[in-house]
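# Architecture at a glance
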Amino acid sequence: MVLVLALGDLHIPHRAPDLPAKFKSMLVPGKIQHIICTGNLCIKEIHDYLKTLCPDLHITRGEYDEETKYPETKTLTIGQFKLGLCHGHQVIPWGDLDSLAMLQRQLDVDILVTGHTHQFTAYKHEGGVVINPGSATGAYSSITYDVNPSFVLMDIDGLRVVVYVYELIDGEVKVDKIDFKKTTTSHSAH
Amino acid sequence: MSELWGRSRNRKQCWSPSLPNSTSCRFNSAESSPSPSMIKGKLKLPAPDRARRVFPDRLGSLVAAFDEKGNEIDVSEFELEPGEELEPIQPGGLGFHRESDDGDEAADDDDDDKERKIRQRPIKDSFTPVSVLRFISEEEKRSDLEHEISQREINLEKLQRIASAGIPDGGGLRATAWKLLLGYLPSSHDLWDKQLKENRQKYANLKRDILRNPSEHIWKEYEELSSTRWEDNDVDGPLRRHEISHEDHPLSLGKSSLWSQYFQYTEIVEQIDRDLERTHPDLPFFSGESSLSRKNREAMKNILLLFAKLNPEIRYVQGMNEVLAPIYYVFSTDPDKQNAENVEADSFSCFVRVLGDSVDHFCQHLDNSSSGILATISRLSDLLKVNDEQLWRHLELKTKVKPQFYAFRWITLLLTQEFKFETILRIWDTLLSNPFGVQDMLLRICCAMLLCVKNKLLSGDFVANLKLLQHYPDDINVEYLLQVAKDISPDTSYYCLSL
């Protein structure tokens, strides 16, 4: 039972001052084993804050990040799943499923987590899953209107994943879940 | 005053002091001669109903053996008339000789049904070499124990008597004996299988329900529901979102959520882990990075966590791991395969039983109550006062070494931190086989521990005494210690009567 927090596009301090209070109250240290962040934090203070939640932190570089040393893409293995991480501004058209699927094949991962669109999506596509955790602060985006703050918590347990989607809608936290199983035949070597 | 003494008192008076003397070659402690105050204590206070126990324990196994073999023991020679003068106690006294003699015979004629009389023997200067005697009594003990355990209806009292003289290592004897003494195994042999199966099944169920983490729980639910969910995953496209019921997400702060209940225990789990790492660091069975020790620690963690969850008032207290360690060790070294597989279940049940009457010691807010640790410590203090007022006075009043400073750990952890591991197992044999309960014998052993280092304590001040008691000397002879403990008068209320 591994809990992985996926979030990104906070745009602090440029477009948002901080995470919503209700989110902050839920994010306490000690529960989460990994954090994967799509990028655009943008400052070091947020990096430090996330580090206090969990020491295992993975970040990829977004176009507004002030830290230039983050990688463009990252892959990690958690349990039986291979996760891929990328900010998403590099993949054009932004948010296009087929292009993201190309990236997924390139990275050879089961779950691809990207951001940039500030819109939560979760797709099953050609044997893999593409997840966009949205913007954790609800920061303004030029491509999405009415951005709701959202992030994703994945519970990886063997071959099964439960994805908990946390959204702040009208000041209330709404939690949904999505579950899927990895079928062992889905990734044959090519 | 002699009218007050029953016959059994006299007999006991005869034999028990002789034993420490006669085994003087076996131990090196300075406290070899029984101090006058010890005998004084015995004279004043009649022991509780022990009329059945004719001989002190060292002979007990032999006597029991004779009983079973259908021999008759003529004890009439040793009944002293009230008022008769007690014989002076000499080293190499009668008891010792008799045992060695008959021990030889017993070894030779194991299955003989010869009638044996315990003969009077003149006091001799030389005695049988100790090692031979010890070997004989080990073999005797083993065969007694095996015989008793293999009976269809086990006589618990007899088992207690045999066990309190020490259970020989090896062969799973100790494991079976402890299970019987703790009441985990019923005394009727036929019921063993059924009882074991039931208990082990119960444990497995408990473990499954209580130790399961929330995600396993959720997936269990999914599998029990219809399989329509899986259809979603076969189709490409947006994944379907499902509503969450009852705040059941990992970050939930609500009390009723499965997750928050699970996370409440993470602190306890960490504490347990830390304590288990520190359990007996010198034994590769428990410590180190080998797969065996890891497996053992994992099993012990499950047991302790299950106990903590089932008892939310006490939860886990540091030290419970020490109480569990001997039990788990003894049960895992059982050569019987079936038992070895179910170590966890058996250990859990026996752990709960052992902790049963001393659990109040762990509960902080019961400290000042009549069942709490302070009450028990004051009982120890009373016991010492009754048995050796001089030492008590010196400790409590003169050097102000209050029992809270040293006895707390002795009592709550059942002496597991005071001695070497093998010694602990031997002491626990006696503890668990006391017919009056573990706590009674525990206090007596604690008192005996004080008596055995009496000379050092009397000559020490606060600092020296405290240091001595908190790091109890390793080189103490355990058999002597336990013998002293058994001879201590337990019932302090008599003190007022006889005065």
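Residues numbered from 1 in each chain as written. Chains lettered and ligands numbered in written order. Predicted model: local features only at pLDDT ≥ 70, side-chain atom pairs only at ≥ 80, totals over all residues. Heavy atoms only, no water.

### A few points about the sheet that holds strand 6 (residues 111–114) of chain A
Taken in spatial order, the six strands make up an open sheet running 4(A)-5(A)-6(A)-8(A)-7(A)-1(B), and their pairing is mixed. The two strands at the open ends of the sheet, each matched to only one other strand, are strand 4 (73–78) of chain A together with strand 1 (237–238) of chain B. In the sheet, strand 5 (residues 81–86) of chain A pairs with strand 6 of chain A via four bridges, with the strands oriented parallel. Looking at the pairing, C86(A) lines up with T114(A) of strand 6 of chain A. Along the sheet, helix 3 (residues 97–107) of chain A contacts strand 4, strand 5, strand 6, strand 7 (121–125) and strand 8 (128–132) of chain A; its crossing angle with strand 6 of chain A, the most-contacted strand, is approximately 120°. (Pairing = 2+ DSSP bridges. Helix = DSSP H or I, 4+ residues; strand = E, 2+ residues; numbered from the N terminus. Contact = heavy atoms within 4.5 Å. Axes fitted to C-alpha atoms, helices over the stretch in contact; angles between N-to-C directions.)

### Here's the deal with the packing of aromatic side chains
Aromatic rings considered in pairs are described by the distance between their centres and by the relative angle of their planes. All names here are of chain B. Within this structure, the stated rule accounts for 18 aromatic pairs over all chains. Relative to F286, the ring of F285 has its centre 4.9 Å away and its plane inclined at 85°; by these criteria the two rings are edge-to-face. With respect to class, F285 is no different from F286; both count as buried. The rings of F285, F286, Y328, Y329 and F421 are connected pair by pair, giving a single aromatic cluster. Note that K179 overlies the ring of F331, its terminal NZ or CZ placed 4.8 Å from the centroid. Over the face of the ring belonging to Y265 we find R315, whose NZ or CZ atom lies 5.2 Å from the ring centre. (Phe/Tyr/Trp six-rings, centres within 6.5 Å; stacked < 30°, edge-to-face > 60°. Buried < 20%, exposed > 50% of the residue type's maximum accessible area, 1.4 Å probe, protein only. Lys NZ or Arg CZ within 6 Å of the ring centre and 35° of its normal.)

### A short note on helix 15 (residues 320–332) of chain B
Residue and element names in this part refer to chain B. Look at helix 15: 18 Å from first C-alpha to last across 13 residues, which is about the 18 Å you get at 1.5 Å a residue. Where burial is concerned, most of helix 15 is hidden: 11 out of the 13 residues are buried. Where helix 15 is buried, its residues contact helix 8 (173–181), helix 13 (266–277), helix 14 (291–310), helix 17 (343–356), helix 20 (403–412) and helix 21 (421–432). (Expected span 1.5 Å × (residues − 1).)

### Section: the interface of chain A and chain B
With 33 residues of chain A in contact, the opposing surface of chain B contributes 30 residues. Carbon and sulfur atoms make up 61% of the area that chain A and chain B hide from each other, which totals about 2,900 Å². Across the pair R241(B) and D176(A) runs a salt bridge whose closest N-O atoms are separated by 3.0 Å. Our enumeration of links across chain A and chain B arrives at six residue pairs in polar contact (both at pLDDT 80 or more). Counting residues per element, the ones that place at least two in the side of chain A that touches chain B are helix 1 (21–26), strand 7, strand 9 (150–157), strand 10 (160–169) and strand 11 (172–181) of chain A. Split by residue class, the side of chain A that touches chain B holds 19 nonpolar, three polar and 11 charged. As defined by bridge partners, strand 11 of chain A adjoins strand 2 (residues 242–243) of chain B across two bridges and the pair is classed as antiparallel. Looking at strand 2 of chain B, one finds that K177(A) is bridged to H242(B). (Buried area = accessible area lost by both parts, 1.4 Å probe. Salt bridge = Lys/Arg side-chain N within 4 Å of Asp/Glu carboxyl O. Polar contact = N/O pair within 3.5 Å; in protein donor to acceptor, adjacent residues only side chain to side chain. Nonpolar A, V, L, I, M, F, W, Y, C, P; charged D, E, K, R; others polar.)

### Here's the deal with the nonpolar core
Membership of the largest hydrophobic core comes to 104 residues, with the highest contact counts inside it found for F351(B), W428(B) and I445(B). Residue contributions to this core peak at 12 residues, all from helix 22 (residues 438–452) of chain B. Other than its neighbours up to four places away in sequence, I445(B) contacts L415(B), I427(B), L431(B), L481(B), L482(B) and A485(B). Listed in part, the 37 residues of the second largest apolar core include L19(A), Y49(A), L50(A) and V162(A). (Core = buried A, V, L, I, M, F, W, Y, C linked by side-chain atoms within 4.5 Å.)

### Here we look at the sheet that holds strand 2 of chain B
If you walk across this open sheet you meet the seven strands as 3(A)-2(A)-1(A)-9(A)-10(A)-11(A)-2(B), and the pairing is mixed. Looking at the sheet topology across the chains shown, the edges are occupied by strand 3 (57–59) of chain A together with strand 2 of chain B. Looking at chain direction, strand 1 (residues 2–7) of chain A and strand 2 (residues 34–37) of chain A are connected through four bridges and run parallel. From the neighbouring strand, A6(A) faces strand 2 of chain A, where its bridge partner is I36(A).

### Details of the environment of A485(B)
Turning to its location among the elements, A485(B) is positioned in helix 25 (residues 478–487). Placed 42 residues apart in sequence, A485(B) and L443(B) show a C-alpha to C-alpha distance of 8.6 Å.

### Quick notes on the side chain of D176(A)
Looking at the element boundaries, D176(A) is found in strand 11. A residue is classified by how much of its surface remains accessible, and D176(A), at 13% relative accessible area, is buried. Separated by 3.0 Å, the side chains of D176(A) and R241(B) make a polar contact. If we skip the residues at most four places from it in the chain, D176(A) touches V163(A), Y164(A), V165(A), R241(B), H242(B), E243(B) and I244(B).

### Re a nonpolar patch on the surface
On the surface, I92(A), W94(A) and I143(A) cluster together into a nonpolar patch covering about 320 Å² of accessible area. You can see I143(A) is positioned in the loop between strand 8 and strand 9. (Patch = residues over 30% accessible without salt bridge, like charges linked within 9 Å, V, L, I, M, F, W, Y side chains within 5 Å. Areas by Shrake-Rupley, 256 points an atom, 1.4 Å probe, with all protein chains shown as cover.)

### Some points on the pattern of salt bridges
As enumerated under the stated definition, the model contains 23 salt bridges over all chains in all. Each of the salt bridges in this network shares a partner with another, and the network as a whole consists of E167(A), D176(A) and R241(B).

### Digging into the confidence of the model for chain A
For chain A, the mean per-residue pLDDT works out to 89, and 96% of the residues sit at or above 70. Contacts for the low-pLDDT stretch residues 186–190 of chain A, under 50 throughout, to residues beyond four places or in other chains number five contacts. (pLDDT = per-residue confidence, 0-100.)

### A few points about the pairing of strand 6 of chain A
Going residue by residue along strand 6 of chain A, you find I111(A) and V113(A) tucked away on one face and L112(A) and T114(A) tucked away on the opposite face as well. Handedness of the crossover is the feature at issue here: the chain leaves strand 5 of chain A, passes through helix 3 of chain A, returns alongside strand 6 of chain A, and the resulting connection is right-handed. (Right-handed = clockwise from strand over helix to strand, strands pointing away.)

### Here we look at the packing of helix 7 (residues 156–164) of chain B against helix 8 of chain B
All names here are of chain B. Between helix 7 and helix 8, the least distance of the axes is 11 Å, while the angle of their chain directions is 130°. By the angle class used here, helix 7 and helix 8 are oblique. Regarding helix 7 and helix 8, the two cross each other, and that crossing is left-handed. Of the residues in helix 8, those touching helix 7 at L156, L159, Q160 and A163 are A177, L180 and L181. (Parallel < 35°, antiparallel > 145°, perpendicular 65-115°, else oblique. Left-handed = near helix turned anticlockwise from the far one by under 90°.)

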